[in-house]
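Remarks on the overall topology
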Protein chains: 2
Amino acid sequence: MKFEVTVTLKKDVLDPQGKVVSQTLKNIGIKNLTQVRQGKYFEIDVDEKDSSKAIDQVKEMCEKLLVNQIIEDFKIKKAG
Amino acid sequence: MKFEVTVTLKKDVLDPQGKVVSQTLKNIGIKNLTQVRQGKYFEIDVDEKDSSKAIDQVKEMCEKLLVNQIIEDFKIKKAG
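What follows is about the pattern of salt bridges. Here the idea is simple: oppositely charged side chains can pair when their charged atoms come close. All names here are of chain A. The full count for this structure, using the stated rule, is ten salt bridges over all chains. Glutamate 4 is paired through a salt bridge with lysine 77; the nearest N and O atoms lie 3.8 Å apart. Placement of glutamate 4 in strand β1 (residues 2-9) and of lysine 77 in strand β3 (residues 72-78) is noted, with a sequence separation of 73 residues between them. Accessibility expressed as a relative area gives 16% for glutamate 4, which makes it buried. The partly exposed category is assigned to lysine 77, whose relative accessible area is 45%.

In structure tokens, the structure reads:
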């Protein structure tokens, strides 16, 4: 079972990386750009047929390693 | 108008970063894990009300800066 996990900085956390991307896009001539925020993305394959068990496992991975819950939020979505 | 952009490595491109994440998850006791692939994620706000124009602008950002189309694919999704 395959999942897509997106990890984003919480709303009030500064995102210098996104700022640089945004500034660079403006420098190369992109107009109308308001904001860019950068996050992380993982595609995770789990060998588990029970959908709710599989989601629990992906959640565990997020909480234990992939996400710093002090400054980041995460979303898990079933792929495909 | 807000968009979510995910950038992933093409299927046949090796992903050492994902491999390390996968191995680390196994080392801390996660079971049933088949594969992790890591990508990039951007939230992009565009000051443009016409939806198809806005998508074109985001596509231009991807092609000009955010995505290396030799080894990466990208998906644009309207947020919210």
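What follows picks up the thread again.
Another aspect to go through is the side chain of arginine 37 of chain A. Topologically, arginine 37 of chain A is positioned in strand β2 (residues 33-46). Buried arginine 37 of chain A, no salt bridge; nearest opposite-charge side chain is aspartate 15 of chain A, N-O distance 4.8 Å. Within the structure, the side chain of arginine 37 of chain A is placed 2.7 Å from the backbone oxygen of valine 13 of chain A, a separation counted as a polar contact. For arginine 37 of chain A, the contacting residues outside a window of four places in its chain are Leu9, Lys10, Lys11, Val13 and Asp15 of chain A together with Tyr41, Phe42 and Glu43 of chain B.

The rules we used
- Residues numbered from 1 in each chain as written.
- Chains lettered and ligands numbered in written order.
- Predicted model: local features only at pLDDT ≥ 70, side-chain atom pairs only at ≥ 80, totals over all residues.
- Heavy atoms only, no water.
- Salt bridge = Lys/Arg side-chain N within 4 Å of Asp/Glu carboxyl O.
- Helix = DSSP H or I, 4+ residues; strand = E, 2+ residues; numbered from the N terminus.
- Buried < 20%, exposed > 50% of the residue type's maximum accessible area, 1.4 Å probe, protein only.
- Lys, Arg positive; Asp, Glu negative; His and termini not counted.
- Polar contact = N/O pair within 3.5 Å; in protein donor to acceptor, adjacent residues only side chain to side chain.
- Contact = heavy atoms within 4.5 Å.

What is shown is where atoms sit, not what they do.
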